[in-house]
Amino acid sequence: MRLSQEIIYYWLVKKTAVRFEKKNENKTGFKRPVFYENGLTMDDTIVIIDGKGLKELMERHDYGSDTLFICTEKVNRSLKMLDGTVLLVESKLSTVSLFNYLQEIFNRFDQWDEQLNQIFYENGSFQDLVDSCEPILSQQILLIDKGFHYPAHSKFLRPIGGTVFMDEFNNSLPDIVNDFISDSSFQALYECPDVFDYSVILSTGLEEMICKNVFDQGDYVGRFIIQLTDACQEYEKAYIRHVLAHLFVTADKLYQKYQSFDLKEVALNSLREPLIQALNNVQGSDDQWHKAAFENHWQVNDRLQLVQFRSNTRYAKNVYTDYLSSQIESQWQACVCLNSNDRFLMLVNLDQFKSEADRDFYRQLPLFLRESLLVAGLSRVFHALADLPAAYQQTDIALDYGGRSQPMFWIHHFNDHAFTYLLKNGPGAFSLHQICSEKLLRLRQNDAAKHTDYYNTLRIFFDCRLNAAAAAKALYIHRSSFLNRLERMAQLFKIDFDSNEELLYLGLSMLIIERN
C-alpha cells in the first residue's frame, strides 16, 4: 500500500522532531523507503538521504520531482532546490532507525489494507470496518444512516457536546434528530461528494468532525463521522482525511454489495421485494417469497399482521419514515417496514416477534405510538402472502373509520370497524332506493304519508331481538296490540315474518339506511 506524505509526517512526528522544508502535491502516494545511492530510480518513492547524498544529488541536478526526501542532515544550500517533497529530521536519529520505523509504518498500513480486503471478500460487516481502524486512528468513528441509526461505531464513545446522542438501540435521540433535520446548513451537506469538515457550536464549546457521505446511485444513504478531540492540529486533520478516504473505498464497495449498512437489514431487504410486489398486485414468485422467509427464519404457517402508521393529527407531527423504520427494525425482531403509495407500513410476524424488553407485541405497540406521536391501523391476522393486499386495505379502513368514530384512540383494529364498513359499502354503486328492501321502503313512505309508526315499530322489534313482549313494553303498548300491528304490516307490505331471509334483508336494509 502506498502512503501519502500526510500519513508519513503524522507518524514521524510521534517518533522524532521533523518539519517540511518543501511540500509538493502527490496524488498517488509513496512506495516503501530506500537509502539514496547513485543511479537510484526515485519515482514515487521515499528516499532517506544524508548530507553527503544531498550534495551529490544537487551536483547531478537530479531533483526527483515525484520523490519524498527525508533528510537526516541539513546542508548549506537550500533544500527547496529539490523538486520533490522534502522532510527534515531535526533530531539525532540514525538512518537505520529511521528506515526501520518507516517500515513499521508501512507494515501497519499494509496489514490494515489486507484486513479491509478480507472484510469485503469474506462478507464482513461495517462494524468490522470500524474496528479495523483501531490501530490507525485514535479518534472515534461513527457510521450513521439516513434514518439516524448508528449501524457501526467505535467501541469507546465519548458524548458529543457532553451529552449522550444515541439510545440503547443505537438510534439518535429524537431531540438531536429534530435539530439536524431543521438545520438548513446540515441538510446541504447531504449532497457533498468529498471528505468535508463540519463544526457546530454547542453550549459546551466547539465540536469538530470530519465526514464522508455514502451514496447509492446518487442518493444519500449514510455518513462516516470522525469526531475530533480537543485542540486537534491541522496536520492531524490532514492525516484523518487521508485515512477516511482510504477507508471509504472499501466501505463504498461493501455498501454496493449489501445495499445496506446492516447485515440484518440485508436479510430484511430480501423480504421487502416480494412484499412490495404483492402490495402493488405484481405477480411474483412463490419460491422467492419462501426463500426470503426462510432466510429470516419465518415459517409458512406463522401468523402475520400488517400495521399502518399515521401521524397523530392532534399533534400535527410529520412521520419521518426513514428514522422510524430504522428504529423499529433495530428494536423489534421479525418486523419489516415498507413504504407503499405514500403509506408507512410494518409487517410483523407474531410468532417470531421478539423485542429487547422481551414483551408481547401488543404491549409494546402503545408505548411506541405515544413516544412517536403516531396512530396505528391493524389488519386481521393472516398467513399467506396473497392476503397482503387485503390486509393493506384493512389498515386503511381501520384508520379512516376509527379516526372518525374514536379520534382519541391510539390503535384502531379492522375487526372493530368491519361491520360498519360492510354497511357503508354494501350497496356498492347503488343508491338506497335501488338496493334496500322495497317492502321497507314502501313502509317508510306509508309512515310519511299517513303518519303511521310502522318503521319505528319494526326497528324496535329488531332492537329487541324479535321478542314481541319486549318490543311491546318498549312501545308502551299491550303485547296483543303489538302483534296486531305486525299482522297489519304483513298484510299491507307483504312481509313474511316467518322467513329468515326476509328478516335478514329487512334488518340489513334498516342498518344501511340509518348508517348512510
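Residues numbered from 1 in each chain as written. Predicted model: local features only at pLDDT ≥ 70, side-chain atom pairs only at ≥ 80, totals over all residues. Heavy atoms only, no water.

### Quick word on the overall build of the chain
What counts here: Numbering goes from the N terminus for both helices and strands, where a helix is a DSSP run of H or I of at least four residues and a strand is a run of E of at least two. Each radius of gyration reported is based on C-alpha atoms, and the globular scaling rule is 2.2 Å times the count of residues to the power 0.38. Here the term buried applies to any residue with accessible area under 20% of the maximum for its type, exposed to any over 50%, and partly exposed to those in between, with areas from a 1.4 Å probe on protein chains only. Residue burial considers only the protein chains on display, and all accessible areas are found by Shrake-Rupley using a 1.4 Å probe. Counting rule for charge: Lys and Arg are taken as positive, Asp and Glu as negative, and neither His nor the chain ends is counted. By convention, charge coordinates are those of NZ in Lys, CZ in Arg, CG in Asp, or CD in Glu.
A count of helical and extended segments in the chain gives 19 helices and 17 strands. Taking 24 Å as the expected radius of gyration for a compact globule of 516 residues, we find that the chain reaches 37 Å, considerably beyond that expectation. Taken over the C-alpha atoms alone, the chain extends approximately 130 × 50 × 40 Å along its principal axes. Counting only residues that meet the buried cut, the chain has 47% of its 516 residues in that class. Total accessible area computed for the chain in this model is approximately 27,100 Å², and 48% of it derives from carbon and sulfur atoms. Charged side chains of the chain number 53 positive and 68 negative; the gap between the two group centres comes to 5 Å.

### Let's talk about the pairing of strand 4 (residues 68-71)
Remark: a regular strand shows side chains that alternate across the two faces of the sheet. Our working definition: Two strands qualify as a pair provided DSSP detects at least 2 bridges between them.
Residues L68 and I70 of strand 4 are buried on one face, and the alternating residues F69 and C71, pointing to the opposite face, are buried as well. By the bridge criterion, 4 bridges tie strand 3 (residues 45-49) to strand 4 in an arrangement that is parallel. Paired with I48 across the two strands is I70, which belongs to strand 4. When strand 4 meets strand 5 (residues 85-89), the two strands line up parallel, connected through 4 bridges. In the strand pairing of strand 5, C71 is matched with L88.

### Remarks on the sheet that holds strand 4
Either a parallel or an antiparallel arrangement is found when strands of a sheet pair, and the pairing is made through backbone hydrogen bonds. Condition: Lines fitted to C-alpha atoms define the axes here, with helix axes fitted over just the stretch in contact, and angles between the N-to-C directions of these axes take values from 0 to 180 degrees. Any two residues whose heavy atoms approach within 4.5 Å at even a single point are treated as in contact.
One open sheet holds the 5 strands; their spatial order is 1-5-4-3-2, and the pairing between them is mixed. Among the strands making up the open sheet, the edge pair consists of strand 1 (18-22) and strand 2 (31-35). The sheet shows a mean angle of 25° between the axes of neighbouring strands, direction not considered. Where strand 2 and strand 3 come together, 3 bridges link them in parallel fashion. Bridge pairing links K31 to T45 in strand 3. Against the sheet, helix 1 (residues 5-15) engages strand 1, strand 3, strand 4 and strand 5, with an angle of about 145° to strand 1. Lying on the sheet, helix 3 (residues 95-121) is in contact with strand 2, strand 3, strand 4 and strand 5; it crosses strand 2 at an angle near 170°.

### With respect to the sheet that holds strand 14 (residues 343-349)
Strands sit in the order 13-14-11-16-17 across an open sheet of 5 strands; the sheet is mixed. Each edge of the open sheet is held by one strand with a lone partner, namely strand 13 (335-340) and strand 17 (411-413). The sheet shows a mean angle of 25° between the axes of neighbouring strands, direction not considered. Direction of pairing for strand 11 (residues 304-311) relative to strand 16 (residues 374-378): antiparallel, over a ladder of 5 bridges. If you follow F309 over to strand 16, its bridge partner there is A376. Across the sheet, helix 10 (residues 321-331) lies against strand 11, strand 13, strand 14 and strand 16, angled at about 160° from strand 13, the strand it touches most. Packed on one face of the sheet, helix 12 (residues 388-405) meets strand 11, strand 13, strand 14, strand 16 and strand 17 and runs near 40° to strand 11.

### Quick look at the packing of aromatic side chains
Ring pairs (aromatic) are described by centroid distance and by the angle formed between their planes. Where we set the bar: Centre distance within 6.5 Å is the pairing criterion for rings of Phe, Tyr and Trp, where only the six-membered ring of Trp is used; planes under 30 degrees apart are then read as stacked, over 60 as edge-to-face, and the remainder as tilted.
The final tally for this structure, using the stated rule, is 25 aromatic pairs. Judged by centre distance (5.4 Å) and plane angle (90°), the ring pair of Y9 and Y235 falls under edge-to-face. Of this pair, Y9 sits in helix 1 while Y235 sits in helix 7 (residues 234-258), placing them 226 residues apart in sequence. What makes Y9 buried here is its relative accessible area of 15%.

### Considering the nonpolar core
Buried together is how nonpolar side chains tend to be arranged in soluble globular proteins. What counts is decided by this rule: The nonpolar core is taken to be a set of buried Ala, Val, Leu, Ile, Met, Phe, Trp, Tyr and Cys residues, with the residues joined through side-chain atoms within 4.5 Å.
If you look at the biggest cluster of nonpolar residues, it comprises 53 residues, and the most contacted ones within it are I8, I70, F109, F126 and Y239. The contact partners of I8, leaving out residues within four places of it in the chain, are L3, I46, L68, I70, L87, L102 and F106. Core analysis: the next-biggest nonpolar cluster, separate from the first, contains 39 residues, Y150, I176, Y323 and F344 among them.

### Points about the layout of surface pockets
The cut-off we apply is this: The rule is simple: put a 1 Å grid over the protein atoms alone, call a set of points where a 1.4 Å probe fits but cannot get out a cavity, call an open set with protein on both sides within 12 Å along at least five of seven lines a pocket, and count a residue as lining if it has an atom within 4 Å of a point. Grid points are joined across faces, edges and corners, and a volume is the space filled by probe spheres set on the points.
Reported here for the largest pocket is a volume of approximately 880 Å³. The wall of the largest pocket is formed by 32 residues, among which K146, E265, N269, R272 and E329 lie closest to the centre. Breaking the lining of the largest pocket down by element, the ones donating at least two residues are strand 10 (219-227), helix 8 (263-279), helix 10 and strand 13. The leading source of residues in the lining of the largest pocket is helix 8, at 6 residues.

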